[in-house]
Amino acid sequence: MAGLKIENLTKTFGGRKVIDHVSFEVYEGEFCILLGPSGCGKSTVLRLIAGLERQDGGGVYIGDREVSGLTPKERDIAMVFQSYALYPHLNVYENIAFPLKIRKMSRREIEKKVQAAAGLLGIDTMLRRKPKELSGGQRQRVAIGRAIVREPRLFLFDEPLSNLDAKLRSSMRVELAGLHKKLGITTIYVTHDQIEAMTLGQKIVVIDRGVIQQIGTPREVYDKPANLFTASFIGMPSINLIEGRLVKKGEEILFRSDDLEIPVARRDFERYVGGDVTSGIRPESLGPGEGPLAGRLEHIEHLGSETILYVKSGNMRITAKAGADFGGKVGEDISLSVNTMDIHFFLDGKRLDVARGAENDRGARTV
Amino acid sequence: MKERLEKAGFAVLTLFVVCLSLLPFLWFLDTSLKTRIDITAIPPAIVPSGSFHFYESAIENYNLLHFVKNSMIVAGASTLITILLSVFAGYALARLRMKYKGIIMGSFLLVSMFPQISIAGPVWKILQSFGWLNTYQGLVLPYVTLTLPLGIWITASFFRELPGELEDAAKIDGCGHVQTLFKVIIPLAAPGVFTAALLVFIYAWNEFFFALLIMTEKSYQTLPVGIALFQGQYTMPWGEIAAASTVATVPLVLLVFLFQRRIVRGLSAGAIKG
């Protein structure tokens, strides 16, 4: 087991930069998520860590050792693929034993380790079956078994749950978290699913278009999105973005957009007055009640535990959250209260209260 | 009703085509089991007397088994060498990153399209300078050269079909290129490898022109040449030729039946999702 450090990783495919100076660090035993929309380069980062692709620039370090030029074999890592990638001509036992056999381990030791891994994953009763006789969830377990059986230095997951149905996915999520707790292996996990990212990750690296957008804990990424991309990518339903301008009215600083005026609860924004900014308000910071936002209810979704309101205000569409007992009807006028402390402001796409220096210290680069 | 008629028509047509292509084989099988008198009978006797006389004669008087041995050696060696080279070349062309893949594949195809007669002279010259005329390797070399494009094309196209993640998984699990090829790729592409092997074997087994050109000594001749030379200036041993032809056909039929299941079976089922 070891930590992982990536420095200025760059990769070009056919003249297109898919990875652009990506740097981040994962501590020993940490569960790190690479999160981004499909095609953002997160899987390429994983393949570069694994050694399945060769980078054009930058370095990969596992533990204290630079592994940039080494083959996957020499890097001593394990990987679980989206398609499971089980060997169809081998049965479950042989699949799990495969990496040990390649390493010329003794037959007795292999037997012991495979049994232990299979027991841990609850697949010890199906060792003689071929992959095609297994369900999706069972195949995924076998793939994980093949990865954990040789106690690698790093554990890589490439969207491992995206082929499973929703119910199985959430139970596997819990199991994966438990497995990580038990084994404590440094894990890099690629996903486009923000729920997986928020629930599994100790650290989230948000990537878009080959560039890191933000690095932080799930809470930080949600509560303090570093830029417009992270703000709009994370959160369901997504954040409301309203374009406007910061103005001063007497002593008070206001955010103004058309005839909407929201007081800004921050004195240190004085220097941004007059600037064109975008405000981001999460739906849960908006609710029915007295407030600056008013409009007409266009659509209502009852989710059981809460209610999602879609409101048309002027030419803006606003999403808000209400309790389960919300009684309004479509077509009615509604006024929304805003929790002004929870409004995010972005200037030129970047979060306003993030001190620029601190951002660079964490190795993040924003577009 | 219409559907039934269609089915019946299809069956009749199929039967007709099968009979048509099997007729020559059935005729010489029939002939090989006749006696010398049956063969020349007019009208021709359809039902053979079931004598193995011609087989015995072909073996005793015409050295049939010797030709069988030569054919086995030449076709077997050609197949082994071609397939070994094909899986390496096919893997490289299907999977490894290299320049000019298209041109390389295209030129293989081009080479295999030269008419044999146009290369016969140079091939003979080259073999003569090696001192390989009338040797097994003298025939194996051109066979390997001529069948290699086919072998590479078939294996490469089967390898290309395999999901790339399986190969990645093998690399992560600690395989080098050669281990990946032999432990993962070839077992999965077995149908393709068998198909290629079978086609190469059939080609080498049946080939006549080069065999005639290169093997002028009886002791090295293969079956097709041997059988063709059964007839003397004044003799036409029709029965022995039929018997030898049957013997020459049976191994191919057996091979196809033996490997049919392997060829048809989709081994890669269950590899990935779905």
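Check the entry above for the structure.
Residues numbered from 1 in each chain as written. Chains lettered and ligands numbered in written order. Predicted model: local features only at pLDDT ≥ 70, side-chain atom pairs only at ≥ 80, totals over all residues.

Explain the overall build of chain A to me, please; I cannot follow it from the model alone.
Of regular secondary structure, chain A possesses 10 helices and 20 strands. Taken over the C-alpha atoms alone, chain A extends approximately 80 × 45 × 35 Å along its principal axes. Looking at the 367 residues of chain A, the share that counts as buried comes to 42%. The long-range fraction of contacts in chain A, counting pairs at least 24 apart against all pairs at least 6 apart in sequence, stands at 66%. (Helix = DSSP H or I, 4+ residues; strand = E, 2+ residues; numbered from the N terminus. Buried ≥ 20, exposed ≤ 12 C-beta atoms within 10 Å, placed from the backbone. Contact = placed C-beta atoms within 7 Å.)

Quick question: what am I supposed to make of the interface of chain B and chain A here?
A common measure of how large an interface is: the accessible area buried when the components associate. Between chain B and chain A, the residue contacts involve 22 residues of the former and 24 residues of the latter. Contributions of two or more residues to the side of chain B that touches chain A are made by helix H8 (164–172) and helix H9 (177–188) of chain B. If one sorts the elements of the side of chain B that touches chain A by residue count, H8 of chain B sits on top with 6 residues.

Please explain the packing of helix H5 (residues 101–112) of chain B against helix H7 (residues 136–161) of chain B as it appears in this structure.
Helices that pack against each other are described as a pair by the angle of their axes relative to one another and the distance between those axes. Residue and element names in this part refer to chain B. The interhelical angle for the contact between H5 and H7, taken along N-to-C directions, is 140°, at an axis separation of 8 Å. Classified by the angle their axes make, H5 and H7 are oblique. By crossing handedness, the relation of H5 to H7 is classed as left-handed. Along its contact with H5, which presents Phe-108, Leu-109, Val-111 and Ser-112, the element H7 presents Leu-146, Pro-149, Leu-150, Ile-152 and Trp-153. Grouping the amino acids of the contact of H5 with H7 by side-chain chemistry returns 8 nonpolar, 1 polar and no charged. (Axes fitted to C-alpha atoms, helices over the stretch in contact; angles between N-to-C directions. Parallel < 35°, antiparallel > 145°, perpendicular 65-115°, else oblique. Left-handed = near helix turned anticlockwise from the far one by under 90°. Nonpolar A, V, L, I, M, F, W, Y, C, P; charged D, E, K, R; others polar.)

I tried to follow the packing of helix H3 (residues 92–102) of chain A against helix H5 (residues 136–148) of chain A on my own but got confused; where do I start?
Residue and element names in this part refer to chain A. Closest axis-to-axis distance for the H3/H5 pair is 7 Å, and the angle between their directions is 30°. Relative to H5, H3 is oriented roughly parallel. Here H3 and H5 pass one another in a crossing that is right-handed. Along the contact surface, H3 presents Val-92, Asn-95, Ile-96, Phe-98 and Pro-99, while H5 presents Val-142, Gly-145 and Arg-146. A per-class count over the contact of H3 with H5 returns 5 nonpolar, 2 polar and 1 charged.

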